[in-house]
Amino acid sequence: MTDSGVLHIKGRVLTGPEDVRDELWAVDGRLTYSRPPAATLRRGTTELTGWVLPGLVDAHCHVGLDAHGPVDDSTSEKQALTDRDAGALLLRDAGSPSDTRWIDEREDLPKIVRAGRHLARTRRYIRNYAHEIEPGDLAAYVRREARRGDGWVKIVGDWIDREEGDLSACWPRWALEEAITAAHEEGARMTAHCFAEDSLRDLVEAGIDCIEHATGLTEETIPLFAERGVAIVPTLVNIATFPALADGGERKYPRWAGHMRRLHERRYETVRAARDAGIPVYVGTDAGGSLAHGLVGQEVAELVRAGLPPLEALSATTWGARRWLGRPGLEEGAPADLVVYEADPRTDVRVLSAPSRVVLRGRVQA
């Protein structure tokens, strides 16, 4: 980590989809487009050159969680550092059983927007991940997690029903209405894990703000999402694991396995149709369960493969995503959180996977 009095960033500073500047300064961890006074420059200046973006956003990850449940602080630190070095400097932690508030005190780790702990139906989610509850308790737990989080709450909208042998919705409509009302009264937005089709209409009509994965979108529900302005975070790098999951569960749950394969096969078509309908799409990797951290660049490339224009895919992890989460980008006076690349990411988004420099709070980290 380089601790510099002043940073001078030259090249092409991408402050928005249509806005490019030639240079930018960071003084005491804050951005400015005005040349600092001579007395400030005498403190020492570090020069950086390249293509500059705001720190990337991973809007669906899990710091403090692995495939078995909560992890220790050392493992959480490694997860956060991996995301940082990949350029992801703002993380929406979409559910974690670990207390990661200590990360807020670290100047070298990404900022985290927390959604508390997952809320799931009893025996209808991954063991050790969630508060497992019944519908009558959902609204009360939503209020509690809203107060623990940073403006978001996460529920599990669907999961495999072992008696049916397939994905099915977890909550009755009345429980969703109570829970989403409770979240909004607490000043939080609510999101839901949803793979399948049959939970989506109730969630959207009950007032949900976002859907994670959203592989079950159809011609019937896409217009409803667009009308209500409900965002999706497709997590395509995670959806790529569906065939392997299906193979593992084929013998015991053949209906579920077939369903997962169909959702996977149409994943790009689903995202493309959502985008074309005007549904907001944001970048998220689902890192931290069984998936590695640091995959934000791969997820952007997957969205382009699905049909998003490169500039829209960039916005989904930079300007647009930060605006959606209520966090600044490369604005005058904003925290100096940015990523530098050797080539123009608008031309080829794959360069996002190889940042040349990562700057967090005005310090060069990698």
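Right above here is the structure, for reference.
Given the structure is predicted, the values throughout are model-derived calculations rather than measurements.

A. Summary view of the pairing of strand β4 (residues 45-54). Of the strand pairs in this sheet, strand β1 (residues 6-16) and β4 are connected by eight bridges, and their pairing is parallel. In the sheet register, L7 faces β4, and the bridge partner there is T46. Sheet topology note: the β4/strand β18 (residues 338-341) ladder contains four bridges and is antiparallel. Note that in β18 the partner of V52 across the bridge is V340.

B. View of the environment of P355. Within the secondary structure layout, P355 lies in the loop between β18 and β19 (357-360). A C-alpha to C-alpha distance of 8.7 Å links P355 and A366, two positions eleven residues apart in sequence. Setting aside chain neighbours within four positions, we find P355 in contact with D85, A86, V339, V340 and Y341.

C. Highlighting helix α2 (residues 73-85). Under the 1.5 Å per step criterion, the end-to-end length of α2 is 18 Å for 13 residues, consistent within 8% with the ideal 18 Å. Buried residues of α2: S76, Q79, A80, D83 and R84, and no others. Seen from one end, α2 has its buried residues packed into an arc of 135°, which puts them on one side. Here the buried face of α2 lies against β6 (65-66), β8 (88-93) and β19.

D. A look at the sheet that holds strand β5 (residues 56-61). Read across the open sheet, the three strands follow the order β5-β8-β9; overall the sheet is parallel. Looking at strand neighbours, the two that pair on one side only are β5 and β9 (111-114), the edges of this open sheet. Averaged over all adjacent pairs, the angle separating strand axes in this sheet is 20°, with direction ignored. In this sheet, β8 lies alongside β5 in parallel orientation, the contact comprising four bridges. Bridge assignment links D58 to a residue of β8, and that residue is L91.

E. Examining unusual backbone geometry more closely. Despite not being glycine, R123 has its phi angle at roughly 60°, a positive value. Within the fold, R123 resides in the loop between β10 (119-121) and β11 (131-133). Look at R123 and you get exposed, because its relative accessible area is 63%. Positive phi outside glycine occurs at R361, with the angle close to 55°. In this fold, R361 is placed in the loop between β19 and β20 (363-364).

Thresholds applied
- Residues numbered from 1 in each chain as written.
- Predicted model: local features only at pLDDT ≥ 70, side-chain atom pairs only at ≥ 80, totals over all residues.
- Heavy atoms only, no water.
- Pairing = 2+ DSSP bridges.
- Helix = DSSP H or I, 4+ residues; strand = E, 2+ residues; numbered from the N terminus.
- Contact = heavy atoms within 4.5 Å.
- Expected span 1.5 Å × (residues − 1).
- Buried < 20%, exposed > 50% of the residue type's maximum accessible area, 1.4 Å probe, protein only.
- Arc of directions from axis to C-beta.
- Axes fitted to C-alpha atoms, helices over the stretch in contact; angles between N-to-C directions.

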